[in-house]
Amino acid sequence: MSAEATENEPSVADHQAELDAIATFFTSVVRVEQRSPLLRRITFGGGDLHALRWLSPDQFFYFLLPPEGHSVMSIDHTFTWETVRELPDVLQPRGAYYTLRHHRPDAAEVDFDVVLHQPGPAAAWAAGAAVGDVAALWGPRTAWHPPSDTQWYVLVADETGLPGVGAILEHLPADATVHVVVEVADELERQPLHIGPNVRITWLHRGGAPAGTTGGLASAVQQLTASPDWPTGPGYAWGGGESREMTAVRRLLRHDAGMARRQVSMVGYWRRTGEVGDDQDDRDDQDDDYDDD
Ligand SMILES: Cc1cc2nc3c(=O)[nH]c(=O)nc-3n(C[C@H](O)[C@H](O)[C@H](O)COP(=O)(O)OP(=O)(O)OC[C@H]3O[C@@H](n4cnc5c(N)ncnc54)[C@H](O)[C@@H]3O)c2cc1C
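Calculation notes
Residues numbered from 1 in each chain as written. Predicted model: local features only at pLDDT ≥ 70, side-chain atom pairs only at ≥ 80, totals over all residues. Heavy atoms only, no water. Near = heavy atom within 4 Å. Polar contact = N/O pair within 3.5 Å; in protein donor to acceptor, adjacent residues only side chain to side chain. Areas by Shrake-Rupley, 256 points an atom, 1.4 Å probe, with all protein chains shown as cover. Helix = DSSP H or I, 4+ residues; strand = E, 2+ residues; numbered from the N terminus. Buried < 20%, exposed > 50% of the residue type's maximum accessible area, 1.4 Å probe, protein only. Contact = heavy atoms within 4.5 Å. Pairing = 2+ DSSP bridges. Axes fitted to C-alpha atoms, helices over the stretch in contact; angles between N-to-C directions. Right-handed = clockwise from strand over helix to strand, strands pointing away. Core = buried A, V, L, I, M, F, W, Y, C linked by side-chain atoms within 4.5 Å. Salt bridge = Lys/Arg side-chain N within 4 Å of Asp/Glu carboxyl O.

A.B. asks: Sorry if this is basic, but what is going on with the site of the ligand here?
C.D. replies: Among the 21 residues in the neighbourhood of the ligand, the closest are listed as Tyr 97, Thr 99, Val 115, Arg 271 and Thr 273. In the environment of the ligand, an oxygen atom lies 3.0 Å from a nitrogen or oxygen atom belonging to the backbone of Pro 119. Coverage of the ligand by the protein amounts to 81% of the 920 Å² it exposes when considered alone. At the level of secondary structure, the elements contributing two or more residues to the shell around the ligand comprise strand E4 (94-104), strand E5 (109-115), helix H3 (121-128) and strand E11 (264-270). Of the residues forming the shell around the ligand, the biggest block, 4 residues, is contributed by E4.

A.B. asks: Please explain helix H4 (residues 162-171) as it appears in this structure.
C.D. replies: Every α-helix carries 3.6 residues per turn, so stepping three or four residues along brings you back to the same face. Where burial is concerned, most of H4 is hidden: 8 out of the 10 residues are buried. What H4 keeps buried is the set Leu 162, Pro 163, Gly 164, Val 165, Gly 166, Ala 167, Ile 168 and Leu 169. The inward-facing, buried residues of H4 abut E4, E5, strand E7 (152-157), strand E8 (177-184), strand E9 (199-205) and strand E10 (235-242).

A.B. asks: When you look at the sheet that holds E8 in this model, what are you seeing that I'm missing?
C.D. replies: Overall, parallel pairing links the 5 strands, which are arranged E9-E8-E7-E10-E11 in an open sheet. Every interior strand has two partners, whereas the edge strands, E9 and E11, have only one. Strand-to-strand, the axes of this sheet are offset by a mean angle of 10°, without reference to chain direction. Sheet topology places E10 next to E11; 6 bridges connect them, and they run parallel. Along E11, the bridge assignment pairs Gly 241 with Gly 268. Where helix H5 (residues 216-226) meets the sheet, its contacts fall on E7, E8 and E9, and the angle it forms with E8 comes to roughly 155°.

A.B. asks: I tried to follow the pairing of E10 on my own but got confused; where do I start?
C.D. replies: Looking down a regular strand, the side chains alternate between one sheet face and the other. In terms of burial, E10 is a largely internal element, 8 of the 8 residues being buried. Here E7 runs beside E10; their pairing, made up of 6 bridges, is parallel. Within the sheet, the bridge partner assigned to Leu 155 lies in E10 and is Trp 238. Viewed along the sheet, the connection from E10 through helix H6 (residues 243-256) into E11 turns out right-handed.

A.B. asks: Help me out: how do you make sense of the pairing of E4 in this one?
C.D. replies: In this sheet, E4 lies alongside strand E3 (residues 60-65) in antiparallel orientation, the contact comprising 6 bridges. Looking at the pairing, Phe 63 lines up with Ala 96 of E4. Pairing geometry for E4 and E5, over 4 bridges, is antiparallel. Bridged to His 102 within E5 is Asp 111. The antiparallel hairpin formed by E4 and E5 contains 4 residues in its connecting segment, where Ala 108 sits at a positive phi of about 50°.

A.B. asks: I would appreciate a short explanation of the nonpolar core in the present structure.
C.D. replies: As a rule of thumb, soluble globular proteins bury nonpolar side chains together. By size, the foremost hydrophobic cluster in this structure holds 22 residues, and its most contacted members are Phe 44, Phe 63, Phe 112, Trp 125 and Leu 137. Not counting residues within four places of it along the chain, the set of residues in contact with Phe 112 comprises Arg 40, Arg 41, Ile 42, Phe 44, Phe 61, Phe 63, Tyr 98, Thr 99, Leu 100 and Leu 137.

A.B. asks: What is the right way to read the pattern of salt bridges from this model?
C.D. replies: Here the idea is simple: oppositely charged side chains can pair when their charged atoms come close. Applying the stated criterion across every chain, the model contains 10 salt bridges. For Asp 113, the salt bridge goes to Arg 41, with nearest N and O atoms at 2.7 Å. Taken together, the residues span a long stretch of sequence, with Asp 113 in strand E5 and Arg 41 in strand E2 (residues 39-45) at a distance of 72 residues. With relative accessibility at 7%, the residue Asp 113 sits in the buried group. On the basis of relative accessibility, which here comes to 8%, the residue Arg 41 falls in the buried class. Salt bridges linked by common partners bring Arg 31, Arg 104, Glu 109 and Asp 111 together as one network.

And the structure:
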């Protein structure tokens with residue numbers, strides 16, 4: 001289990017431990033399972049994975065994948081972000097961040113649940129992934145830093161944050177008080193979760209609207225904060241989803257619910273692009289950097 005930080009940022013020692021733990025694990029696909037119309041589970045096994053150590057329940061890795069049109073890696077164990085930038089465009093690895101859903105150290109296997117959104121190079125790789133396909137995983141890293149006095153949790157996610165929600169619910173004590181709010185496309189995208197006696201879960205369906213457009217997560221969290229169910233005492237809120245949706249939830253929790261910066265970790269896992277208003281939204285997001293506690 002990772003040390004829990006007591007400030008809004010992990011301690012210097014924690015942060016150094018996290019940086020030291022970042023490695024590049026070369027491995028290959030050993031199983032693929034279509035969990036739902038949008039979610040594909042990719043299981044990697046073998047290779048360097050015997051050396052993988054647990055960091056935190058939301059631990060995430062950058063998938064380094066063969067370049068478009070290639071089936072072999074263009075990088076090796078000398079990989080660094082500096083050297084990869086010097087590669088020609090045609091040899092640039094494809095990739096994106098994904099959350100480790102399960103780790104079976106004895107079998108040197110890891111599961112990742114990948115959303116098959118369109119279009120996206122990493123999602124396209126996952127859609128066509130087959131046993132034997134090679135990849136490298138750069139990580140682990142974490143954004144899960146609950147203060148040590150935390151008495152309850154709020155977890156907020158779309159499909160991309162759902163693997164983290166699943167892993168966190170399995171990690172927390174069996175009697176933990178947790179409010180979970182998850183938005184998915186429809187009922188078919190719900191995933192089985194470990195629900196303890198004090199876990200309350202709200203599933204939201206987009207009803208045909210594109211991901212990252214509904215504002216549903218913020219509305220549901222607002223209702224929750226205004227309800228008698230909103231817990232007292234120090235809590236911790238973690239979330240992963242579309243960037244602007246996470247910004248809206250973060251603002252609510254910080255400004256309306258009065259949670260301190262160290263109590264809120266809402267991470268933009270992806271960014272809806274190419275629509276009118278993007279530039280203004282970018283400026284809005286940056287304003288949050290200047291929040292006071
Ligand atoms: C810490 C962290 C953990 C993550 N964990 C997971 C995980 O476990 N599972 C998972 O599926 N994703 C996860 N993500 C999100 C994933 O990294 C992004 O969705 C990423 O953009 C996918 O890369 P891509 O190459 O497929 O698409 P990109 O090239 O990044 O984007 C292409 C287009 O697709 C759009 N797009 C990107 N993601 C989505 C989406 N989910 N739905 C709809 N449109 C989208 C973009 O707006 C863009 O227009 C995580 C991200 C972070 C930062």
